[in-house]
Structures are given as C-alpha cells and as structure tokens.
Amino acid sequence: MAPTQPPLDTLVPPYIRKIEAYVPSKPDDVLRSMYHTSSLVRMNNNENVIGPPQKSIEAIMNFTPERAAIYPNGDSYHLRHRLSEVFRHPACSFLIGNGANEVITFVIKTFCQKGDNIITTDKTFAVYEWAAGFSGVEARLVPLKDHAFDEEAMIGAIDGRTKVIFICNPNNPTGTYWSEARLRSFLRRVDGRQIVVVDEAYAEFVDQPDYPEGMNLISEFPNLVVFRTFSKMYGLAALRIGYLAGNRNLVDIIRRTCIVYSVNTLAQEAALGALADDGSHIRRTRELVRASKEFLISELDRMNLPWIAGEGNFVVIRLPVSDTLVYRRLMAKGYMVRTMTGFRFPNHIRVTLHDLPVMEGFVQALRSSIA
Amino acid sequence: MNTADTAELIVGIDLRYLPVVTGMVEQSAITFGLTKEGAQNLCLAVEELLNVLAAAPGAGEKIRVTVRDGGYYTEACCYFPPHRIPVSALNVTKVQNPYDESVIENLGIVLAARVVDSLRLVREQDGLMSICFTMDKIYPEQILPVQVLPPGPYAPGPYGQEDIKQFAQRVQQAYPSVIPEFFRFPGKVADMVRSREFGIQLATDGKGNIGGGMLWRQGEKMIDSLGPYVFVPQPGLAEAIIQKVLENVSRKGAVCMVNRLPVPDVPKAFFEELAPPQVEDNGLLCERPLYRQLDEDTGSTVYVHPNLEPFVRQCIDRLVLPRNIVVTTYAGEFIEPHAAFGVQVARKRHLAILSTIVAGRDAAHILAQYVSSLDDDGITRIRFKLDLGDESEQVLVPALRSAGFSPCYLLPWGGTGDIVVFEHRQRQGS
Ligand SMILES: Cc1ncc(COP(=O)(O)O)c(C=O)c1O
C-alpha cells in the first residue's frame, strides 16, 4: 500500500503554498550539452571576470585539505576583526553570512512578523521581495522613478507596520545610485522609525565623489544596516560570503536570528585575503569594466538598441524581441545573459561586462539573435 | 480557495446519502447565486456520478463533495478513491437514449457534462480522483451604443468596475469575430476579475474613457492572455499595455504566457509563434497560439515516441529549446490493460481537451469512443495534450494517430514538461 501522504494543505502555511521555489540555472556542462554549444560565457550573475584578488588566491591555495574536517570559526572572528580595522567600527557591529543573501533573511526574520511589511522597489534585486514572501511578510514595491529609487514615494509607502526599507545602492539592474546628500536626507526623514538597509553589493565598482559609503553613516544613524558582499568585486561568489554592518545594539539583535557556522573556513580566509589587497585588484577591475562598458554602449548605439547603464559591472539592453527568446538564442551561441522579465523589465536583458574580446563576440551573437 | 465561499460535505459512498448530497449541492448553489434551474443541473451531474460510484464494490469509503462560489460560476467537486470508479466508466460509453433515466447507471460520467457548462476530471496529487462540474451564472447581455473615443492620450493605469464593463463592451465592438463569448456580458467580465482568477490591465485617459486593455487568467504555471485590445489609433499603446501586464505577472510563479486568440494588434515583439509554419497534415486546422516565456529556460528532458520524434525535433530546433530528447522504445514491458483519460469540456465553446490519467493498451479504442461520444454531444473541437515530461504517456502516440489526432504544436512547459497539443482531424470545420 502507498504510504500516507502528509496533509500538506494543513501543514504548510498559506504564504508558503502561494510562492514558487526559485529554480537556479543548471550547471554549465548540462547547459552546454542541452544547447549544443562547446563554450559558455557566463554574463548573467555580475561576477568579476578577472577572478579573485591575488591574496585571496593565495589563501585558497594555502588551505590544506585536512582542514575540511574541522568546523569553521562559528562567527568569522578574524574577518570581523579585520573589517573592524578597515571600517573603524567595533568587530561586533559586523555579522558575516553565507553571502549577502543570507543576511537579507536575518534582517527580515529579526524585525518582521505576520502583518508587517517591508518596502523596496519593483525593479531591483529580487531577494528582498522573495525573503519577505517566504516569511509571510508583505513586500511593498514602490516603482522606480527615472530608473532610480524614489525617495518621496518610499516615504509615502511607510505605515505603522513597515519594519524594513531596502535600498539597493547602486541599484541592480539600473546602476543608479543615491548621493550621500540624498541618502542622508532620506535617513533623516525616516527618523529612526524603521530599519533602513542599504545594499552595497556593487559599492567597490563605484568611482563617484558623491557616492556615499554607508559604513561612514552608521554611527550617525543607528537604524542603518549596510550590506556588502565578496561575490562581486572580490570574485569569491562560489565561496558564498557577505556581511552586514550596523550599530552594535542593532547587530546584537540581528545576531539572534543568524545561522552560526554557515560561513566556511575557506571563504573566511579568502575574504581576509581580499581585504589585504593593495588596491590593484579594484583598479584593474574598474578599468576593465570602464573599457567594456564604453565599447558595449557604442556598439548598442550603432545597433539602435536602447540601454540603461550606470554604476556596476553590468548593462541593461532593451531588445526588439522577447528577452526569454533571445536568452535561448544567445545560449545556443555560448553566451548566458540575465533575462529581465523577472525584474519587471520585459524585453530587456542584463549583461555582465567581460573583457573586450568576449564583448566583441557577444555583440556579434546579439546582433544575429535579434534579427 | 476562500473557505467562506465553500460548502463541504463528507459522506459514505452509498445511495442512501443521495438526498443529503443533492440537497446540499442544490441549496449551496442557490446560496452562491445560481438560478434554481442552474442549481438543479449541477445536482443532476453530481447525482449521476454518485450512481456510478455507488454501483462499484467497496465498503466504508467516503466521498467529499464541495460546492464553491467562483464569483461568476458555481462549481461542485467530488473527491473519491480512484478504484471506486471502474475504468470503463471513466470513459465514455455510448448509449442510445441519454435521457432515459433507467440507463443512467450505465453511462460514463462524461455524459454528466451534458447538463453542465463545464466538466473537469483529474487525478489529484494525493491520489484521489476528482470530478468538478461548473455552472456559469447568468448575466444580461449588454452592447454599448457606438461612441467615438476622444483622442487621448491613453496610458495603463488604475481602473474601477465601470471601466471593466466599458472595456468588455468596447472589445465586442472593436473585435466582434475573434473574442470569447463572455465579452458580451460585461457584468460577468467584472466578476471574473473580482474572483481573482483573472487579471486585467486597462489603458485610460483619466476621464473615464477606456482606450484598450488586456485580460488574463492566472494559472499556477501558465497565464492565458487575451489582447491587448486597442480601441484608438495611438501608436505604442498595445506595447505599453502588454509591458505593464508582464510587469504585473512576473515573479508570481508562472513560467509562460499564452495567447490562444491573437488579434492583429498583438505586438509580435513580445511573443513567439508556437505552431510551425506548416504542420504535417495538410488541411489540419490547428490553433496558432502566441507564446511568451517568463523565465529563463533551464532545460529539461523530453520523452518522445519514435513516431512523433521528427515533429518534436522540428519544434525544439525552431524554438531553440534546451532539451534532452529521449526516444522511447517499446520492448514488450508491462502496459496497463485499460487506459483512462482526463477531460475538460467547455460546452459553450464546443471544445473538449483530453489528457492522460492512465496510458493503457486499449487507448485507441477508448479514444475512438470519446471522439464519437463527444461528437454526438455537439463538441466540434477535440484536443489532446500529451505530456512529454512523462515517459509512460509516450506509448499513446500510435493510438492517438489511429484515433485521428495529429500534432499541432509543442507548448514548452505546458505540463510537467513540454506538451504536444494534438487536434482531432475529423472534427475540423464541422
Ligand atoms: C544587489 C545585490 N545584493 C546582494 C546580492 C547577493 O550577493 P551574495 O552573493 O553575497 O549572496 C547580489 C547578487 O547578485 C546583488 O546583486
């Protein structure tokens, strides 16, 4: 006899029943075989094509396999102390997670319960909205204005149940950012009543004098939480490591929901290596991004394709055809981009910038994919 | 499902309970807004089903009957163990006189569809069988006197109930030949949206005029869309509407959007054509739906009978789909003796859609029975959805061919995997 099935309709909360699991893409070897392509360039996740900084590479090489048997340090002690030196905040105001993605869930779990809401925008990184969804919390999506977070409308969306406001600075995928003056003015208007998260996943790519280092505002605004990641500029995406920083009292509370031991030893040591870089890694990466962005934009102009580009190692392109169709055509030619229908930009793709030879191949493939 | 809008009853499968069940179904249906006659039709269908179930051996088993207010329709569903229903009864049995009550017990339950607006027979995830009958509520037909719209500009924006009704009326006027019948009943369209089964996006001028819009049914995996319909010559309006709709439906779990009744105004840039330019049988009248994927295609395995392989390969190549194609070969292994098919009948559209519950050896025979019985019932279009994600279904291909079905198009992610939609050839043009 078939075993009795658990009564899922009563066991599973309604807000979980309502949502769909995130389906990640298949591994490269599987995709290559399905799309009959011998090579595949990943241009979908905004990784750093240069790879990790030299010192991170050394840290990874120095990891002896026997150490895999030993648990990592449970709260990334050394890394937090190093961050403390770099940013001049106490080590206890940092909380390290298995990628910035994990710290997003820490924040929502800490502050939100059923009936509460978070505020973000409709066209940004999806995980704020998802994490709210599977926590049974409403995500209020304030439309972007001129491709940027709309300060006024976000303030207007706040109500008595608003707990957290997520600002992606610079925004993925539009590349817009709030200047220091604008961020300060927003924080003053929120006046400490809600938690304001500033996600700075792409901060290291920004080279603009008025771009605010959220880290410098933490002492002034005790409701501010800053996210950073080692996945983007520092090229450690595979190791999954990111962190949040905030006023120590706030971080003490968030720590209650934090999953200890979720950050592995290799990741902690590679991240320490990244922080030891002398700045040459960031310079090289920025130079590559600048040159490739310039090249891509001029090619797009020649093809009469509208684009959205700002800060960050990515460009959004508007297509005259369905983005999900172009995705498949580009895959068959060995280029994997991010479709933007899921970011509420139908018929757009987002492309991670690679070095010039790859970009040249990509432009050619794009041209034939929209024909 | 909002439990406040549902009545539920669990009783033993026994004719002693017949009055209890029919009483509950009728009273609930009236409470939910059906006319007495509509409620009685729903009862009749449930009664026929109970007759079949009670005739089967088995003691102590129960049937769960629910009646639900769907907003613009009322639905009665029956859930019961699959073995209660003999496989032969799951399928159609032809009878001489369907109105002779004495032979009702011998009828296939599909005949219950004769009295209701639609019927759906499926195997639920928990292994139970369910049959749902629906009756649509009755709405007055309303046709708007022709009025010229001011030039606008129109833009996608918020709307109210009156706007929805105006939209329905303008759709009738602008597209009289290619739209579903419900647009003739503006109140019904308003209730369809209110039920949340349908989404709508209208373009307004902010002064109470509707310049266009789009309506869609939000399924779990698939969105069935209609439009964009535009009533003014404003360049870019159709694009603006579809763009807004796609923003609305993204991140809600659906993987694709289909438009089965495309009008000339559909901006082609947002869609792909599913049907190959020419299908294999000359003269086969296939629907030609437009399709849009909402997610990146992460690839899947499809199982395909050798007989269908050229068609499937052609579709996959044309649509550039990442697929592992596994050609199934029959090597004498066990096949269930009896086939059973799920069916959805939409009476007003004269349409039936069949799908597989059990792939069995007598499939060709059962399919032929379905076809002739549905034909007798005035159903002129019969489709079959073959799920390429399920390897066991592929043995049905020869039976489908011999029963007169031909493949029309491949719908990516239309089932557990891709599906191939077949159309019955004999029914064409009748
Ligand atoms: C804005 C933003 N925040 C956070 C993340 C997640 O970073 P991590 O790899 O550290 O989880 C990403 C990655 O795409 C991102 O774009």
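See the structure above.
Residues numbered from 1 in each chain as written. Chains lettered and ligands numbered in written order. Predicted model: local features only at pLDDT ≥ 70, side-chain atom pairs only at ≥ 80, totals over all residues. Heavy atoms only, no water.

Side chains that are nonpolar tend, in soluble globular proteins, to be buried together. Counting residues in each nonpolar core, the largest one holds 104 residues, and the members touching the most others are Phe166(A), Phe230(A), Ile317(A), Phe362(A) and Leu366(A). A domain-level breakdown of this core finds at least three residues from each of domain 1 (8-51 + 280-369) and domain 2 (54-275) of chain A. Cys286(B), Leu308(B), Leu354(B) and Val421(B) belong to the second largest nonpolar core, which has 83 residues in total. (Core = buried A, V, L, I, M, F, W, Y, C linked by side-chain atoms within 4.5 Å. Buried < 20%, exposed > 50% of the residue type's maximum accessible area, 1.4 Å probe, protein only. Domains from an automatic or database assignment.)

Attention shifts here to the interface of chain B and chain A. On the side of chain A, 35 residues touch chain B, which itself brings 26 residues to the contact. In this assembly, chain B packs against chain A so that about 2600 Å² is buried in total across both faces, 47% of it on carbon and sulfur atoms. The largest share of the area that chain B buries against chain A comes from Arg251(B), Glu296(B) and Thr298(B), three residues that together contribute 30% of it. Our enumeration of links across chain B and chain A arrives at five salt bridges. Where Asp323(A) meets Arg292(B), a salt bridge forms, and the shortest distance between an N and an O atom there is 2.5 Å. Between chain B and chain A we count 22 residue pairs in polar contact (both at pLDDT 80 or more) in total. Counting residues per element, the ones that place at least two in the side of chain B that touches chain A are α6 (237-249), β12 (290-293) and β14 (323-327) of chain B. Take the side of chain B that touches chain A: its biggest share by element is three residues, from α6(B). A class-by-class count of the residues in the side of chain B that touches chain A yields eight nonpolar, eight polar and ten charged. (Contact = heavy atoms within 4.5 Å. Buried area = accessible area lost by both parts, 1.4 Å probe. Salt bridge = Lys/Arg side-chain N within 4 Å of Asp/Glu carboxyl O. Polar contact = N/O pair within 3.5 Å; in protein donor to acceptor, adjacent residues only side chain to side chain. Helix = DSSP H or I, 4+ residues; strand = E, 2+ residues; numbered from the N terminus. Nonpolar A, V, L, I, M, F, W, Y, C, P; charged D, E, K, R; others polar.)

Moving on to a nonpolar patch on the surface. A cluster of nonpolar side chains, contributed by Ile16(A), Ile19(A), Tyr22(A), Trp130(A) and Phe134(A), occupies part of the molecular surface with about 440 Å² of accessible area. Within the fold, Phe134(A) resides in helix α7 (residues 127-134). (Patch = residues over 30% accessible without salt bridge, like charges linked within 9 Å, V, L, I, M, F, W, Y side chains within 5 Å. Areas by Shrake-Rupley, 256 points an atom, 1.4 Å probe, with all protein chains shown as cover.)

Time to look at the packing of helix α13 (residues 323-332) of chain A against helix α14 (residues 356-369) of chain A. Residues and elements named next belong to chain A. Packing of α13 against α14 brings their axes to within 9 Å, and their N-to-C directions diverge by 130°. Overall, the two elements α13 and α14 adopt an arrangement that is oblique. The hand of the α13/α14 crossing is right-handed. Counting all contacts with α13, which are made through Val-326, Arg-329 and Leu-330, the residues of α14 involved are Phe-362, Ala-365, Leu-366 and Ser-369. Of the residues belonging to the contact of α13 with α14, the class tally is five nonpolar, one polar and one charged. (Axes fitted to C-alpha atoms, helices over the stretch in contact; angles between N-to-C directions. Parallel < 35°, antiparallel > 145°, perpendicular 65-115°, else oblique. Left-handed = near helix turned anticlockwise from the far one by under 90°.)

From the geometry alone we can't say anything about function, so treat these as descriptive.
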